[in-house]
Number of protein chains: 2
Amino acid sequence: FRKQNRPTSELVDGVLKGDISALAMAITIIESRIDKHRVPSQEIIAKCLPHSGKSIRIGITGVPGVGKSTFIESFGSTLTSMGKKVAVLAVDPTSSISKGSILGDKTRMQELVRDPNAFIRPSPAGSSLGGVARKTRETILLCEAAGYNIILIETVGVGQSETAVHGMVDFFLLLKLAGAGDELQGIKRGIVEMADIIVINKADGENLKQAKLAKVEFSRALHLYPPKKNGWIPKVLSCSASENTGIVEIWEVIQAFVEESKNNDHFFSARKEQNKYWLLQSIDDLLKQEFYQNEKVKSLLVRMTKEVVEGKISPFTAAEELLKLSKTP
Amino acid sequence: FRKQNRPTSELVDGVLKGDISALAMAITIIESRIDKHRVPSQEIIAKCLPHSGKSIRIGITGVPGVGKSTFIESFGSTLTSMGKKVAVLAVDPTSSISKGSILGDKTRMQELVRDPNAFIRPSPAGSSLGGVARKTRETILLCEAAGYNIILIETVGVGQSETAVHGMVDFFLLLKLAGAGDELQGIKRGIVEMADIIVINKADGENLKQAKLAKVEFSRALHLYPPKKNGWIPKVLSCSASENTGIVEIWEVIQAFVEESKNNDHFFSARKEQNKYWLLQSIDDLLKQEFYQNEKVKSLLVRMTKEVVEGKISPFTAAEELLKLSKTP
């Protein structure tokens, strides 16, 4: 009896009952690249979809060293102690099963790992952001169907993953440290623009004064950004994840955001826009995947690329020839 | 006798002789979306390709108001007075024939417009960056075949066009104004990273002192950026385009860049990488174009999108269905 061969309806029943092992297995099927998991994977999603959507999806980013794991541990535990069910996911295309993503290192979240109301799942493996993002997005749906009402999605703060995560969450939280210079130390300016809240972490001990200063500075700087479409004015708060201070206040801001954006209907219209974005993205991914896996294309691509690189043929002409080739039976 | 029906070989002969009207007509054919221009367009490019490549391609960007037109007028005239042949192109996907791009307003470049050694061509019309960029890139090849040895490509400094232009030039020039704040006024941080030179324009009269200060500040800030692959350390200069001061110095920096990067072979390896980038980009564009023009896809896309938007079907499942549909005969 192989567990993975359980019929999907049984698995989905387990997910809907909030059974953690069923949820974990369903996610594994969705993440799988094995061909025989393709149909079950779509069935699971289709069946979970009507039960999804009833959570607050929160993206969390920040450069390495800012204390993301500690923050998620503290923030997540605060939420579960309020009776919430919290799922913690990650998008990190650079991670692989062997290397393990930040969240793979569960020892950093000792409290949350043992919390029956928390579900932690590391980033799906994969080298393409598109693939990783799609799987995470579908995992959100499954977690929601399993009754998790807060979804935290962590990302690494240095690449394009932020755009992907921003495109799947309701609220985007940027963790920072006090002290100038991190503008130039890896965080992209576009990420600051995405943030609905900037949280200055490690505001404790000797850092406290500097954190207060940074808070004032950021608040001032944020006023210079163009206003957000939903009318929300990003907030700046400070906290100490290790000392559990300032955490409840962050949750209050998020609640205010959700209330405001549900009142002016931006909450749901943003989700609709995200759905559309992911449709276009998925079409794009599938088109490319199919093209580059075509045997005829594969056999000619190397030579063609060489000719293009050496300027013997124009890139567009080469592209047209390859496309024509991909369609010959 | 319709001029557009001249055989392409005759047209190409004209281009190779440096005949401006032949060049303009060849570009018009390349920019055309009419089906009957497709084959001639490819012929023209194929015939010009072996004669292309012998120019310095320079991208110029900066937010509106920074004085790009005046700068190009001053810089371009300086170059032609040195005996260079200068082509000025633009990438601006927001422009259309009716609205006209910045370069369409040739009155801003009165001197250059009358200069027999300058060729000015506004941005091709088009709403997709991919299409506009491709046409500009092919226009570069034609201008080079026509003997232009400096190609200036202007872009608007606020969107994604910079990435496209950066992907088709040897050297990237960012125009700025003195005075803090433009970091927050629209120029993306990624663009600063692309720059091989930052030029602080309008360094004249009362601005002079502030421009000097800005120069020091930017030089300091640039040191914090990660070093460029080619080893080039971006320079910061100031100029006054309206008073023609500091312009020759900019040209000297570009010459130093070209010499250095030809010596360490990065000049040509960068162009090869660009060729490869444009091959992948063209494949991507063609795949999408074909998919979205498929009649079956067209007829179902609206309904499918609606269902995805309303959360009735998962984006990925919808994408798979649409793709399957696009392949049924």
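Predicted model, so just to flag it, every value in this text is computed and none were measured. (Residues numbered from 1 in each chain as written. Chains lettered and ligands numbered in written order. Predicted model: local features only at pLDDT ≥ 70, side-chain atom pairs only at ≥ 80, totals over all residues. Heavy atoms only, no water.)

In this section: helix 4 (residues 68–81) of chain B. Residues and elements named next belong to chain B. The terminal C-alpha atoms of helix 4 lie 20 Å apart, and with 14 residues this matches the ideal 20 Å at 1.5 Å per residue to within 8%. A large share of helix 4 lies buried, amounting to twelve of its 14 residues. Of the positions making up helix 4, those classed as buried are K68, S69, F71, I72, E73, S74, F75, G76, S77, T78, L79 and T80. Two residues or fewer after helix 4 comes G83, characterised by a positive phi angle close to 95°. (Helix = DSSP H or I, 4+ residues; strand = E, 2+ residues; numbered from the N terminus. Expected span 1.5 Å × (residues − 1). Buried < 20%, exposed > 50% of the residue type's maximum accessible area, 1.4 Å probe, protein only.)

Turning to the confidence of the model for chain A, a few remarks are in order. Residue and element names in this part refer to chain A. Confidence in the prediction of chain A, expressed as mean pLDDT, is 87, and 89% of residues score 70 or more. Taken element by element, the predicted model of chain A shows its lowest mean pLDDT in helix 8 (residues 189–194) (76) and its highest in helix 10 (residues 247–263) (97). Segment residues 96–102 is flagged for pLDDT under 50; beyond a separation of four residues in sequence, or across chains, it makes 13 contacts in the model. (pLDDT = per-residue confidence, 0-100. Contact = heavy atoms within 4.5 Å.)

Here we come to the interface of chain A and chain B. Counting from both sides, the interface comprises 48 residues of chain A and, opposite them, 47 residues of chain B. Interface area for chain A against chain B, summed over the two sides, is near 4500 Å², with a carbon-plus-sulfur share of 66%. Linking chain A with chain B are six salt bridges. With its nearest N and O atoms 2.2 Å apart, the salt bridge here joins K327 of chain B to E290 of chain A. At the junction of chain A with chain B, the criterion picks out ten residue pairs in polar contact (both at pLDDT 80 or more). Its residues assigned to classes, the side of chain A that touches chain B comprises 25 nonpolar, seven polar and 16 charged. (Buried area = accessible area lost by both parts, 1.4 Å probe. Salt bridge = Lys/Arg side-chain N within 4 Å of Asp/Glu carboxyl O. Polar contact = N/O pair within 3.5 Å; in protein donor to acceptor, adjacent residues only side chain to side chain. Nonpolar A, V, L, I, M, F, W, Y, C, P; charged D, E, K, R; others polar.)

This part is about the pairing of strand 4 (residues 150–155) of chain B. Residue and element names in this part refer to chain B. Within strand 4, six of the six residues are buried, leaving the element largely enclosed by the surrounding structure. The alternating pattern of strand 4 places I150, L152 and E154 and I151, I153 and T155 on opposite faces, both of which are buried. In terms of strand pairing, strand 1 (residues 56–61) meets strand 4 through five bridges, oriented parallel. In the sheet register, I56 faces strand 4, and the bridge partner there is I150. (Pairing = 2+ DSSP bridges.)

Moving on to the pattern of salt bridges. All names here are of chain A. On inspection of all chains with the given rule, the structure shows 24 salt bridges over all chains. R121 is paired through a salt bridge with E31; the nearest N and O atoms lie 3.1 Å apart. Of this pair, R121 sits in the loop between strand 3 (118–120) and helix 6 (129–145) while E31 sits in helix 2 (residues 20–31), and the two are 90 residues apart along the sequence. There is no split in this pair, since R121 and E31 are both buried. The closest approach of N and O atoms between E138 and R134, which form a salt bridge, is 3.0 Å. Placement of the pair is E138 and R134 together in helix 6, with a separation of four residues, close to one helical turn.

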